[in-house]
Amino acid sequence: MSLTNFPGGGVSSTNAPITKVTMPALAEMKRQGKLIAALTAYDYATSRLVDEAGIDLILVGDSLAMVVLGHDNTLAVTVDEMLHHTRAVRRAVRRALVVADMPFGSYHGTVAEGLANAVRFVKEAGAEAVKIEGPRAELVRALTEAEISVVGHLGLTPQSVHRMGGYRVQARTAETVKKLKADAHALAEAGAGALVLEGVPREVAAAITAELPIPTIGIGAGPDCDGQILVFHDMMNLTFAPPAKFVRRYGDAGALMRAAVEHYREDVERRAFPSDDESYHLPEAARSTLQPKPEPVPKLHTLRKA
Ligand code: KIV
């Protein structure tokens, strides 16, 4: 294939060229000390906004099970549901790296099964990388050999909620810190292109970030990672629950949407919406067709007979 056909970002709405974010570009950002801004997104409209706002990496997170589909945890979401949302995000995004989260059960069996499911995300949904939770170096190696870029995810891994006994900060003892570091190195050596560190002490994330050749992207892991990620619905107050300690609310879309919907309902109820200006009008020439026809006047002699 000709290099000029590389599917880069093209041009923006203002005709400025868009440089596509790739997995090697994230590694280059780490080398240059440029921080990576990442967010989750799950649909076309928000992905367009997130991409056009210059976010480097968009994760179609399995958190969609909770924030979009209303499940109690991330375990229920299926490969087909994740593919459906990844396709919508893919259609919207021109610049950011699109990463799809492999859902619970889709890579917990054999390496061959994990590979087959990962191929679906690339082939059927256009994902540029997949994310898998836990210390699965063998699977990361197999995916990398199959030309599938991988983002690892260690620390608080929500798909292990039952084993962890809840969403708890991980790596708080010397022994578990040692294990986390070893797992991070093993994933990097197996070919992972980046590593999400979730729910770990700041000091631990800082040490791993300093040691690792690949970028770390933190969530609840302090400011010393190579990048940060938040769940879109958390940062926009669309979650209906008190936020975790690490969440900063950058907007209140919940309040904005609630007020707008209430205003609309009130306007409908008092016939203030739509206005005449918001209505289509019949051309003058055709208006007479709607005028009621005058009743025929009964003849005088028929009235007298009666
Ligand atoms: O699914 C998700 O949103 C995630 C992020 C928390 C990293 O995995």
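Residues numbered from 1 in each chain as written. Predicted model: local features only at pLDDT ≥ 70, side-chain atom pairs only at ≥ 80, totals over all residues. Heavy atoms only, no water.

### Description of unusual backbone geometry
Right, so step 1: Geometrically, the link from phenylalanine 273 to proline 274 is a cis peptide bond, its omega value of -5° lying close to zero.
Right, so step 2: Relative to the elements of secondary structure, proline 274 occurs in the loop between helix H11 (253-269) and helix H12 (300-305).
Right, so step 3: The residue arginine 271 is not glycine, and still its phi comes out positive at about 50°.
Right, so step 4: Among the structural elements, arginine 271 can be located in the loop between H11 and H12.
Right, so step 5: Taking relative accessible area as the criterion, arginine 271 reaches 76% and is therefore assigned exposed. (Helix = DSSP H or I, 4+ residues; strand = E, 2+ residues; numbered from the N terminus. Buried < 20%, exposed > 50% of the residue type's maximum accessible area, 1.4 Å probe, protein only.)

### Remarks on the environment of leucine 195
Right, so step 1: Looking at the element boundaries, leucine 195 is found in strand S6 (residues 194-198).
Right, so step 2: Sequence-wise, leucine 195 and lysine 131 are 64 residues apart; in three dimensions their C-alpha atoms are separated by 8.8 Å.
Right, so step 3: Setting aside residues up to four positions removed in sequence, leucine 195 forms contacts with Val151, Gly152, His153, Leu154, Ala184, Leu187, Leu212, Ile214, Pro215, Thr216 and Ile217. (Contact = heavy atoms within 4.5 Å.)

### Section: the packing of helix H5 (residues 111-125) against helix H6 (residues 137-145)
Right, so step 1: Put simply, H5 and H6 touch, their axes get as near as 10 Å, and they point 45° apart. As judged from the angle between their axes, H5 and H6 are oblique. The way H5 lies across H6 gives a crossing that is right-handed. Where H5 approaches H6, its residues Val111, Gly114, Leu115 and Ala118 are matched on the opposing element by Glu138, Leu139, Ala142 and Leu143. (Axes fitted to C-alpha atoms, helices over the stretch in contact; angles between N-to-C directions. Parallel < 35°, antiparallel > 145°, perpendicular 65-115°, else oblique. Left-handed = near helix turned anticlockwise from the far one by under 90°.)

### Quick word on empty space enclosed by the protein
Right, so step 1: With the rule as written, the count across this model stands at one cavity of 30 Å³ or more.
Right, so step 2: Of the pockets and cavities examined, the largest cavity occupies roughly 30 Å³.
Right, so step 3: Contributing to the lining of the largest cavity are Leu57, Leu59, Val99, Lys131, Val151, Val196, Ile217 and Ile229.
Right, so step 4: Residue composition of the lining of the largest cavity, by class: seven nonpolar, no polar and one charged. (1 Å grid on protein atoms, 1.4 Å probe; cavity = no way out; pocket = protein on both sides within 12 Å on 5 of 7 lines; lining within 4 Å. Points joined across faces, edges and corners; volume = space filled by probe spheres on them. Nonpolar A, V, L, I, M, F, W, Y, C, P; charged D, E, K, R; others polar.)

### Details of helix H2 (residues 44-52)
Right, so step 1: Looking at H2, one finds that the buried residues are Thr46, Ser47, Val50 and Asp51. Within H2, the buried residues cover an arc of 130° as seen down the axis, which keeps them to one side. Along H2, exposed side chains directed more than 90 degrees from the buried face belong to Leu49 and Glu52.
Right, so step 2: Elements that come into contact with the buried residues of H2 comprise strand S1 (36-40), strand S2 (57-60), helix H4 (79-92) and helix H10 (232-235).
Right, so step 3: The backbone nitrogen of alanine 45 lies 3.3 Å from a side-chain oxygen of the residue at the head of H2, namely aspartate 43.
Right, so step 4: Among the residues trailing H2, glycine 54 stands out with phi positive, at a value near 90°. (Arc of directions from axis to C-beta. Polar contact = N/O pair within 3.5 Å; in protein donor to acceptor, adjacent residues only side chain to side chain.)

### Details of the packing of aromatic side chains
Right, so step 1: Scanning the entire structure with this criterion turns up one aromatic pair.
Right, so step 2: Consider the rings of tyrosine 264 and phenylalanine 273, whose centres lie 5.8 Å apart with planes at 65°: the pair is edge-to-face.
Right, so step 3: With a relative accessible area of 48%, tyrosine 264 lands in the partly exposed category.
Right, so step 4: Given the relative accessible area of 38%, phenylalanine 273 is considered partly exposed. (Phe/Tyr/Trp six-rings, centres within 6.5 Å; stacked < 30°, edge-to-face > 60°.)

### Quick look at the environment of glutamate 211
Right, so step 1: With respect to the secondary-structure elements, glutamate 211 resides in helix H9 (residues 202-211).
Right, so step 2: Distance in space between the C-alpha atoms of glutamate 211 and histidine 185 is 8.5 Å, their sequence separation being 26 residues.
Right, so step 3: Once you skip the residues sitting within four places of it in the chain, glutamate 211 turns out to touch Lys181 and His185.
Right, so step 4: Polar contacts involving the side chain of glutamate 211 include one to the side chain of histidine 185, which spans 2.8 Å.

Distances and angles like these do not, on their own, reveal function.
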